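# Analysis of the macromolecular model
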Amino acid sequence: MSATADELYWINAAYYNSGVAFTDGSVYKCDLAKDAGRCLPNTTRKLHESFGTAYVRAVRAVAPPLGELAPTSAGCAAGCQHLCLRSSCRCAVGQRGAERCRPVDEFVVYEDSKVVRSICLPAEDSSRCQAFVPFLAGLRLRKTERTGFDYDSLTRELYYGGKNAIYRADLDTGNSTILLYQRAVFFGPLALDWMTKNLYYTEIEQRGNVSFYILKVLSARPDVDAEKSSSMLWELGKIHTMATCPWKGYLFLSVFHNGAGRFHMRRINVDGTDMTILAGLNDTTFFSIDHPNEKLYTINNVTSMLVRSDFDGQQIENVSLVEGVADVTGFLVNDRVIYLKYRSRMIKLDKQTGKSLGEVDLEPYDSDMSMNLKLHNATMFGIYDANPCATGNGGCDNFCFALSGKDGSGLKKICRCFDGVVCHGDTRSGMELAEIIKNKM
């Protein structure tokens with residue numbers, strides 16, 4: 001919807017093939033002012049005709065900032081705060097409400113057919129609500145490939161990977177920039193420590209019939225050149241999912257062990273040290289972290305059981321039997337609800353009892369929805385004051401890692417230099433190898 005004129009733009013997406021919706025990709029526009037707020041044949045124009053593989057997946061109308069939107073009452077019973085559409089008031093994108101519009105402060109970010117979209121939470125109150133304008137993400141992947149996807153609630157920036165590059169996208173503008181580029185490299189799962197802006201990512205190497213995942217970390221701080229800030233941590237088997245817990249200084253991973261022929265749940269410190277196999281959570285593929293309650297929720301791909309445990313993989317409790325586990329493409333835990341995503345639908349479960357709470361009403365989407373699903377909640381994913389790296393990068397020039405103290409006294413700071421940089425004695429600062437060689441000549 002254009003915020004400055006009574007014009008509506010849309011993409012045809014309601015075509016069905018054996019019950020599954022897909023995007024047609026033709027773009028239409030209608031002038032609501034010409035026909036009393038209705039889109040009729042004489043007020044509708046086709047702006048773009050899709051053909052072959054050249055079809056549009058997302059569209060946005062350029063609009064001024066919300067503060068510049070003038071209230072309007074044309075066709076509405078009372079003046080509207082933002083928009084008047086078909087004789088009723090509507091909020092602009094990023095806002096929700098009936099009488100008064102307010103910012104959408106909690107929502108799900110997900111990706112479908114390379115378009116990034118939103119679900120306003122609570123999901124039962126998401127009608128006519130969009131947290132941001134959908135935009136196209138250049139993932140450049142095949143259906144069989146698992147790409148990286150993580151989100152920073154503090155900066156409203158999305159990180160995603162794929163063939164040749166890792167990207168950072170602004171959720172409000174849809175603009176993407178290349179954070180890291182490596183030709184002929186496929187980047188797999190990634191995870192962001194939103195407090196330190198350390199981004200953990202994987203480079204996938206194929207050696208014969210076996211895939212090896214090189215786990216690395218780079219600094220995504222805006223004042224750092226990400227191309228020069230990486231450091232290798234581990235070489236592992238196939239990594240299915242990974243996520244950080246900055247409150248504890250942990251990185252969790254579900255990793256396929258080539259020798260054992262099964263997935264292992266592993267926990268390592270954020271600096272790559274002290275890898276621990278959580279044996280009670282073997283055969284885990286998907287998992288999600290309940291940060292406020294310090295719990296892990298995992299899906300066992302053999303027993304199809306959704307379970308929760310503590311961060312040591314102990315105190316395991318069965319939550320729910322997951323039907324059609326082979327079709328599950330991701331899930332997340334939020335407050336009192338678990339959102340479980342399948343290839344062509346999304347359901348809700350009660351977090352404590354595991355009972356079904358029904359399906360989430362989504363707009364039509366592709367039958368091969370990706371595994372990409374993240375939560376926006378600036379309170380839950382905020383700054384932990386006791387994290388020594390959260391302010392000023394902890395005084396470190398390169399990496400700052402916050403690790404749990406072995407004596408249980410809280411988080412401790414460790415500085416570390418990027419690969420290719422030699423640290424000084426205090427390890428807080430360093431000098432590039434090229435500069436050291438130059439000084440010696």
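Being a predicted model, the structure only gives us computed values, none of them experimental. (Residues numbered from 1 in each chain as written. Predicted model: local features only at pLDDT ≥ 70, side-chain atom pairs only at ≥ 80, totals over all residues. Heavy atoms only, no water.)

## A few points about the overall build of the chain
For the record, the criterion: Counting from the N terminus, the helices are DSSP H or I runs at least four residues long and the strands are E runs at least two residues long. Think of it in three bands: residues with accessible area under 20% of the maximum for their type are buried, residues over 50% are exposed, and the middle band is partly exposed, with areas taken using a 1.4 Å probe on protein chains only. Contact criterion: two residues are considered in contact whenever any of their non-hydrogen atoms come within 4.5 Å of each other. Surface accessibility follows the Shrake-Rupley procedure with a 1.4 Å probe radius. Residue values consider only the protein chains on display as shielding.
A tally of helices and strands in the chain yields one helix and 36 strands. The buried share of the chain, taken over its 441 residues, is 50%. Across the chain, the fraction of contacts at a sequence separation of at least 24, relative to all contacts at a separation of at least 6, is 43%. For the chain, the exposed area adds up to about 21200 Å²; of that, 49% sits on carbon and sulfur atoms.

## Re the state of the cysteines
To be explicit about the condition: Cysteine sulfur atoms are paired as a disulfide whenever they come within 2.5 Å of each other.
Here the structure, examined in full by the defined rule, presents three disulfides. One disulfide bridge connects C120 with C129, the sulfur atoms lying 2.0 Å from each other. Because the sign of the S-S torsion sets the handedness, a value of about -80° for the bond joining C120 and C129 places this disulfide among the left-handed ones. With its sulfur 2.0 Å from that of its partner, C389 forms a disulfide with C400. Here C389 and C400 share a disulfide; its torsion about the S-S bond, -75°, makes the bridge left-handed. Of this pair, C389 sits in the loop between β32 (373-377) and β33 (399-404) while C400 sits in strand β33, and the two are 11 residues apart along the sequence.

## So, the sheet that holds strand β28 (residues 328-334)
We apply this condition: A strand pair is defined by DSSP finding two or more bridges across the two strands. For every element, the axis is a line fit to its C-alpha atoms; helices are fit only across the contacting stretch, and the angle between N-to-C directions ranges from 0 to 180 degrees.
Spatially, β28-β29-β30-β31 is the arrangement adopted by the four strands of the open sheet, whose pairing is antiparallel. Looking along the sheet, the strands with just one partner apiece sit at the ends: β28 and β31 (356-359). The mean inter-strand angle of the sheet, taken between neighbouring strand axes irrespective of direction, is 20°. Pairing geometry for strand β30 (residues 346-350) and β31, over two bridges, is antiparallel. Within the sheet, the bridge partner assigned to I347 lies in β31 and is E359.

## Structural notes on the environment of L233
Examined against the element boundaries, L233 turns out to sit in strand β19 (residues 231-236). By relative accessible area, L233 is classed as buried at 15%. Here the alpha-carbon distance between L233 and V217, two residues 16 residues apart in the chain, equals 7.2 Å.

## Observations concerning the sheet that holds strand β21 (residues 250-257)
Strands sit in the order β20-β21-β22-β23 across an open sheet of four strands; the sheet is antiparallel. The strands lining the two open edges of the sheet, one partner per strand, are β20 (239-245) and β23 (276-277). Relative to β23, strand β22 (residues 262-269) runs antiparallel, the two sharing two bridges. Following the sheet pairing, R266 is matched in β23 by I277.

## Quick look at the packing of aromatic side chains
Stated precisely, the cut-off is as follows: Between the rings of Phe, Tyr and Trp (Trp by its six-membered ring), a pair exists once the centres lie within 6.5 Å; its type follows the angle of the planes, with under 30 degrees stacked, over 60 edge-to-face, and the other angles tilted.
Scanning all chains against the criterion turns up 11 aromatic pairs. In textbook terms, an aromatic cluster arises when at least three aromatic residues are bridged by ring pairs, as seen for F107, F132 and F135.

## Focus on the nonpolar core
Buried together is how nonpolar side chains tend to be arranged in soluble globular proteins. Note the threshold: The term nonpolar core refers to a set of buried residues drawn from Ala, Val, Leu, Ile, Met, Phe, Trp, Tyr and Cys, joined through side-chain atoms within 4.5 Å.
Formed by 49 residues in total, the largest nonpolar core has its most connected members in L199, Y200, L215 and L253. At seven residues, strand β16 (residues 176-193) tops the list of elements feeding residues into this core. Beyond its immediate chain neighbours, meaning those up to four positions away, L199 contacts Y159, I166, L179, L190, A191, L192, K216, V217, L218 and A220.

## Some points on the environment of I338
Inspection of the secondary structure assignment puts I338 in strand β29 (residues 337-342). Overall, the relative accessible area of 0% leaves I338 in the buried class. When the C-alpha positions of I338 and K351 are compared, they lie 5.6 Å apart, and in sequence the two are 13 residues distant. Leave out the neighbours within four places in its chain, and I338 touches Y297, L306, V319, F331, L332, V333, I347, K348, L349 and K351.

## Observations regarding the pairing of β21
Across the eight residues of β21, six count as buried, placing the element largely inside the fold. Bridging between β20 and β21 involves six bridges; their strand directions are antiparallel. Its bridge partner being in β21, T241 is matched across the sheet by S254. The hairpin formed by β20 and β21 contains four residues between the paired strands, and G249 there has a positive phi angle of roughly 75°. For β21 and β22, the ladder comprises eight bridges, and the chain directions are antiparallel. Paired with L253 across the bridge in β22 is R266.

## Points about unusual backbone geometry
One non-glycine residue, N164, lies in the positive phi region at around 80°. Given the relative accessible area of 8%, N164 is considered buried. Phi is positive for D283, which is not a glycine, with a value near 70°. For D283, the location among the structural elements is in the loop between β23 and β24 (284-290). On the basis of relative accessibility, which here comes to 11%, the residue D283 falls in the buried class.

## As for the pattern of salt bridges
Going by this rule: What counts as a salt bridge is simple: a side-chain nitrogen of Lys or Arg found within 4 Å of a carboxyl oxygen of Asp or Glu.
Scanning all chains against the criterion turns up 11 salt bridges. When the shortest N-O distance is used, the salt bridge between D223 and R221 registers 3.5 Å.

## With respect to the side chain of D310
The criterion, for reference: For the purpose of charge, His is not counted, nor are the chain termini; Lys and Arg are scored as positive and Asp and Glu as negative. Each polar contact in these results corresponds to two N or O atoms within 3.5 Å; when the atoms are within protein, one needs to be able to donate a hydrogen and the other to accept it, and residues that are neighboring in sequence are counted only if both atoms are side-chain atoms.
By secondary structure assignment, the location of D310 is in the loop between β26 (305-309) and β27 (317-321). Although buried, D310 forms no salt bridge, and the nearest oppositely charged side chain, K295, lies 6.0 Å from it. A distance of 2.7 Å separates a polar atom in the side chain of D310 from the backbone nitrogen of Q314. If we skip the residues at most four places from it in the chain, D310 touches E294, K295, L296 and Q315.

## Regarding the environment of R100
You can see R100 is positioned in the loop between β8 (95-96) and β9 (102-103). Take R100: its relative accessible area is 59%, and that puts it in the exposed class. Separated by 19 residues in the primary sequence, R100 and Q81 place their C-alpha atoms 6.9 Å from one another.

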